[in-house]
Each structure stands twice: as structure tokens, then as C-alpha cells.
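Residue-level structural notes
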Amino acid sequence: MSAAVAALFFGSSFVGCCARPPMECDRGAMYAAIEALCADSMAGRRAASGGDLRAARMLAGMMEKAGCEPLWEEAVVPFHLYDAFKTLNIHWRDVSKSYFPGPWRDSTYNVAMVIRSRYPDAPKVLLGAHYDHIGRMFIAQAGMKDTLMLRGANDNASGAVAVTEVARLLRPYARDFKRDLVVALFGAEEMGMVGSQYLAAMLRDSSVKVGYMVNLEMLGRLKEDNFRMHLFVDDMDALKQISVPNVDSLSVGVVMKNSGASDHLSFTAMGIPASMFATDDYATLHRDTDTPESLNMEGMERVVNYITRNVYALLTAERLPAPNGIPESE
């Protein structure tokens, strides 16, 4: 591994104004937000359930409080779910309504906000995560009249809350940025990465140029025995173009892997370099045991502090990673 790659993977330390707060996340606040996203009132945050809108509004409010502003006119961006299926050629069968009880509304939602730099024309960094989950589903008991609640604390309340926390930590450093930070939360990932594909198309069509995308997925189950998380990268050569000096590992190691099926693929499909951070314990994936109390919050604290430093490096780099070794033109 080259020194440049190692530097990116293992973080950095910062020299800056002493008045700015340290890049250290608030573990208790993150846990409280995850609990709120997993509450009964959110109904598991299934797309088009109504719980998705409550979750989107809550997360947008958190980012507004952190100093983010809407990327467009409104932070919460609705889109018609079934129109999106047709546009994106995604085959989500109506029979799904037989397995997932509760209301099915026409629309679901993305959240799109921004922390602006002094360089509005430079290609932007996008930090994103899906906030939706599966919600209630019928179980094969008592004539399929009983339901099971899948709350999705790790998948992906953890990633969504991490996005809001990274935005909060980085906002005081915006004067250092060489490009804007777009922060996005995607709906309907569980239905085929619908929200991220829809938002990627909206960004393209509104001439918002994204130069690099970072996706956060399931950050709450760092294993105690190794403190490793996965970094999924489809273009390793692109990532080698960033160098982060003053390495500080924060006691977190990274295992590099290719691909990883999540929302970053909606951007790599458009030729945008992207990576995804995820912890490596999937024991609760799509199970009713994926609850807030199952999370390793001490591990998540380390992970979020680590990711914050890496996103800062992307925002302050002279040039962003570019696919196929082609330099970024700003």
C-alpha cells in the first residue's frame, strides 16, 4: 500500500483556528437520534409508508440545525415512487403490498442539503446514506395476520445519523473547503436504490456537478475484536490520487474491498468516483434484532470520527480522485 493510500485510509490531524471545535462526534446524541428513527411512530421507515416522511423531516431538521441549507428550494424532495420505478426501469412488484402492511402512498422522499464553500463552481463532494428500511411485514403465523417490525437501527439509521453528525462536525471548517459538501439522505434504497438513482439524475439534470461520492452504510456494528470496517471502492486507482498527511488511525482499521451493493453504485454508474464505508458485522441484517441496543456505539464513535477526517481530506484536497486516472478539471 502506498503512503498516499495509507494516509487516506488512516485519517489525518488538523491545524486550524483554535476557536473551532474538535472533530469529535457526540456518541449520546447519535444514539438518541437512532432511537428516534427506530421508534414505533416511524413504522420502520418503509418508503411510501408515512414513516419515511417523518424520518426525512427529522433528519433535515438536524442538518439545518447543524448549519446546512437546502440544495434546492426545499430540503425534503418528494418523488412519485411508481413513476420512479418506470423511469429507472426497476421492477418492484405490487405483490409486495401483500407482505408489507400499512399505507402505501404515492410518494417517498430524498433529503438534499449543502454546506457551501468559497468555490461554488468546483465539482462537489457528496456524502450520503439511505435512511429507509423495511418496516412492518407479515409473518407466516396465524394465517399471516401477525406482523413483525424491522426497525433498521444499523441498516441504516446508523448511516443516516452519521451523515448528519459528519455535517455538524465539518460545518465550522467550511472556510477550509475547496469545494461544496452536498449531504443527501436517500429513500427507497430497500426497493432497489430508487432514491439515490433519482437524486443522481436530479443532480445531473440541474447541472450540479458531483466530483466524488461517499456512501455510509451500516456503521453501528464494529467488531470488538478487530475494530475494522470495510471500505468498498470500485476504482482503486482513483482513490490513490488523494494524499492525506499527518496520519492518525483513531484505533480503526480499514479492509479494502471492491463494489458493495448500495447507493454509491447509483453514482459510479454515471462515471462519478465513489466509495462506501461499512462495518463488517451483518448478524442483524434485515432481522427484528436490528435495534438500537444491538449497536456498538463506542465503535460507531470511532468510525464516525475516522470518516469525518477522510471527508475533510476530500473537501480540502487540491484535486479530487478521478476515474481512470483522468485529472479533475475545476
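Residues numbered from 1 in each chain as written. Predicted model: local features only at pLDDT ≥ 70, side-chain atom pairs only at ≥ 80, totals over all residues. Heavy atoms only, no water.

Brief notes about the overall build of the chain
Helix and strand counts for the chain come out as nine helices and 11 strands. Buried residues in the chain amount to 56% of all 330 residues. Taking the contacts inside the chain whose residues are at least 6 apart along the sequence as the reference set, 86% of them involve residues at least 24 apart. Summed over all atoms, the accessible surface of the chain reaches about 13,600 Å², with 51% contributed by carbon and sulfur. (Helix = DSSP H or I, 4+ residues; strand = E, 2+ residues; numbered from the N terminus. Buried < 20%, exposed > 50% of the residue type's maximum accessible area, 1.4 Å probe, protein only. Contact = heavy atoms within 4.5 Å. Areas by Shrake-Rupley, 256 points an atom, 1.4 Å probe, with all protein chains shown as cover.)

Here we look at the environment of Glu-189
Within the element layout of this structure, Glu-189 appears in the loop between β7 (181-186) and α6 (194-205). Remark: the alpha-carbon pair of Glu-189 and Ala-129, spanning 60 residues in sequence, is separated by 9.2 Å. Here Glu-189 is in contact with His-130, Asp-132, Val-194, Glu-217, Ala-261, Ser-262 and Asp-263, once residues within four sequence places are set aside.

Quick look at the pairing of strand β8 (residues 210-216)
Judged by how many residues are buried, β8 sits mostly within the fold: seven of seven residues are covered. For strand β4 (residues 124-130) and β8, the ladder comprises five bridges, and the chain directions are parallel. Directly across from Val-125, in β8, lies its bridge partner Tyr-212. Pairing of β8 with strand β11 (residues 274-279) involves four bridges; the strand directions are parallel. Residue pairing across strands places Leu-216 opposite Phe-277, the latter belonging to β11. (Pairing = 2+ DSSP bridges.)

A look at the side chain of Thr-108
When you line up the elements, Thr-108 lands in strand β3 (residues 107-115). Reaching out from Thr-108, the side chain makes a polar contact with the side chain of Asp-52 at a distance of 2.6 Å. If we skip the residues at most four places from it in the chain, Thr-108 touches Ala-47, Ala-48, Asp-52, Val-77, Pro-78, Phe-79, Leu-81, Tyr-131 and Ala-188. (Polar contact = N/O pair within 3.5 Å; in protein donor to acceptor, adjacent residues only side chain to side chain.)

Quick word on the packing of aromatic side chains
Inspection of the entire model under this criterion finds five aromatic pairs. Consider the rings of Phe-79 and Tyr-198, whose centres lie 4.7 Å apart with planes at 20 degrees: the pair is stacked. Of this pair, Phe-79 sits in strand β2 (residues 76-80) while Tyr-198 sits in helix α6; the two residues are 119 residues apart in sequence, bridging distant segments of the chain. Here Tyr-82 and Phe-85 contribute two aromatic rings whose centre-to-centre distance is 5.2 Å and whose plane-to-plane angle is 80 degrees, an arrangement assigned as edge-to-face. Within this pair, Tyr-82 and its partner Phe-85 are both found in helix α4 (residues 81-88), separated by three residues, close to a single helical turn. (Phe/Tyr/Trp six-rings, centres within 6.5 Å; stacked < 30°, edge-to-face > 60°.)

Notes on helix α3 (residues 51-65)
Because the α-helix completes a turn every 3.6 residues, residues three or four places apart line up on one side. Look at α3: 21 Å from first C-alpha to last across 15 residues, which is about the 21 Å you get at 1.5 Å a residue. Residues of α3 that are buried make contact with α2 (27-37), β2, β3, α5 (153-170) and β7. Backbone geometry just downstream of α3 places Gly-67 in the positive-phi region, at approximately 105 degrees. (Expected span 1.5 Å × (residues − 1).)

A look at α4
Taken residue by residue, α4 has Leu-81, Tyr-82, Ala-84 and Phe-85 as its buried positions. The buried residues of α4 occupy an angular sector of 155 degrees when the element is viewed end-on, so they sit on one face. Within α4, the exposed residues directed more than 90 degrees away from the buried face are Lys-86 and Thr-87. Residues of α4 that are buried make contact with β2, β3 and α6. A positive phi of about 60 degrees marks Asn-89, the residue just after α4. (Arc of directions from axis to C-beta.)

Looking at the pattern of salt bridges
Enumeration according to the criterion identifies 12 salt bridges in this entry. Across the pair Glu-301 and Arg-27 runs a salt bridge whose closest N-O atoms are separated by 2.7 Å. A residue pair is termed long-range when its members are at least 10 positions apart, and Glu-301 in helix α9 (residues 297-316) and Arg-27 in helix α2 qualify at 274 residues. When salt bridges that share partners are traced, they join Glu-69, Arg-116, Lys-124 and Asp-180 into one network. (Salt bridge = Lys/Arg side-chain N within 4 Å of Asp/Glu carboxyl O.)

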